[in-house]
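Coordinate inspection notes
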Amino acid sequence: MTDPRPVTQWPGGDPAKDAARVAEVIAEREDAFNRGDADLFDRRFTADVVVVNAAGRRFEGWAEIHAYHAARLGSRPPGVHTRLTVLASAFPGPGTAVVHTSQLLTTPDGERTTLGTWTMAERDGEWWICSLQQTAVAPQG
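Not measured: the values here are computed from a predicted model.

Looking at the environment of histidine 100
If you trace the backbone, histidine 100 turns up in strand 4 (residues 96-107). Residue histidine 100 is classed as partly exposed on the basis of its relative accessible area, which comes to 35%. Sequence separation between histidine 100 and tryptophan 118 is 18 residues, and the spatial gap between their C-alpha atoms is 6.4 Å. With sequence-adjacent residues up to four places away left out, histidine 100 is seen in contact with Thr85, Val86, Leu87, Ala88, Gly116 and Thr117.

Okay, structure coming up:
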């Protein structure tokens, strides 16, 4: 029996090319975080972005999230680094991406992981982050 439910992937477009391009956006953010560069870190957010961080704080709009990141990245202690990994990406329609990530944050006090769900939109050949929801992963053990 064939499953009658549709798949997320839009049948048009070039999913491999689009997946590589959205992965570049994620990699750019990893590099920007590790350099402490809030301007680069937030460069790909849309003006009306909505972000919910792993602590449950909600930010609306580029100015609000950028002010938060500028303060946090500008004062982070030495030895804090992150690694972002794209777990999956899907393209449900033209110029639309849903990306799932894992983020490992390493601090002098240890490591913690968050999972992220990103909604991205392509505008004029560039991919932009429209929304981001992060969830802390409970320690195992």
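Describing the environment of glycine 116
Mapped onto the fold, glycine 116 is located in strand 5 (residues 110-123). Linking glycine 116 and threonine 135, residues 19 residues apart in sequence, is a C-alpha distance of 6.4 Å. For glycine 116, the contacting residues outside a window of four places in its chain are Val99, His100, Thr101, Gln133 and Gln134.

What to know about the UniProt feature "domain: DUF4440" (unreviewed entry) in the protein chain
In the numbering adopted here, UniProt assigns the feature "domain: DUF4440" (unreviewed entry) to residues 22-129. Summarising residues 22-129: 29% helix, 50% strand, and an end-to-end C-alpha distance of 9 Å.

So, unusual backbone geometry
Residues other than glycine seldom take positive phi values, yet aspartate 124 does so here, at roughly 50°. Structurally, aspartate 124 is set in the loop between strand 5 and strand 6 (126-136).

Section: the pattern of salt bridges
Pairing between side chains of opposite charge can happen when the charged atoms of each approach one another. As enumerated under the stated definition, the model contains eight salt bridges in all. Residues aspartate 18 and arginine 21 are paired through a salt bridge, measuring 3.8 Å at the closest nitrogen-oxygen approach. Residue aspartate 18 and its partner arginine 21 are both found in helix 1 (residues 15-35); the two are separated by three residues, about one turn of the helix. The exposure classification of aspartate 18 matches that of arginine 21, with both residues buried. A salt bridge links arginine 44 to glutamate 126; the nearest nitrogen and oxygen atoms lie 2.9 Å apart. With arginine 44 in the loop between helix 2 (38-41) and strand 1 (45-52) and glutamate 126 in strand 6, the pair connects residues that are 82 residues apart, well separated along the chain.

Let's talk about helix 3 (residues 62-74)
The end-to-end C-alpha distance of helix 3 is 17 Å, a good match for the 18 Å that 13 residues give at a rise of 1.5 Å each. Turning to helix 3, its buried residues number three or more, namely Ile65, His66, Tyr68, His69 and Leu73. All buried residues of helix 3 fall inside an arc of 160° around its axis, so they share one side. For helix 3, the exposed residues set more than 90 degrees away from the buried face come down to Ala63 and Gly74. Of the surrounding elements, those touching the buried residues of helix 3 are helix 1, helix 2, strand 1 and strand 2 (58-60).

A word on the pairing of strand 6
One ladder, built from four bridges, connects strand 1 with strand 6; its direction is parallel. Note that in strand 6 the partner of valine 50 across the bridge is serine 131. Both strand 5 and strand 6 contribute to a ladder of 10 bridges, which runs antiparallel. What sits directly across from alanine 121, in strand 6, is tryptophan 128. Taking the residues that link successive antiparallel strands as the turn, the strand 5-strand 6 hairpin has two residues, and the phi of aspartate 124 there is positive, at about 50°.

Parameters and conventions
Residues numbered from 1 in each chain as written. Predicted model: local features only at pLDDT ≥ 70, side-chain atom pairs only at ≥ 80, totals over all residues. Heavy atoms only, no water. Helix = DSSP H or I, 4+ residues; strand = E, 2+ residues; numbered from the N terminus. Buried < 20%, exposed > 50% of the residue type's maximum accessible area, 1.4 Å probe, protein only. Contact = heavy atoms within 4.5 Å. UniProt positions renumbered as here; feature names shortened; annotations may be inferred. Salt bridge = Lys/Arg side-chain N within 4 Å of Asp/Glu carboxyl O. Expected span 1.5 Å × (residues − 1). Arc of directions from axis to C-beta. Pairing = 2+ DSSP bridges.

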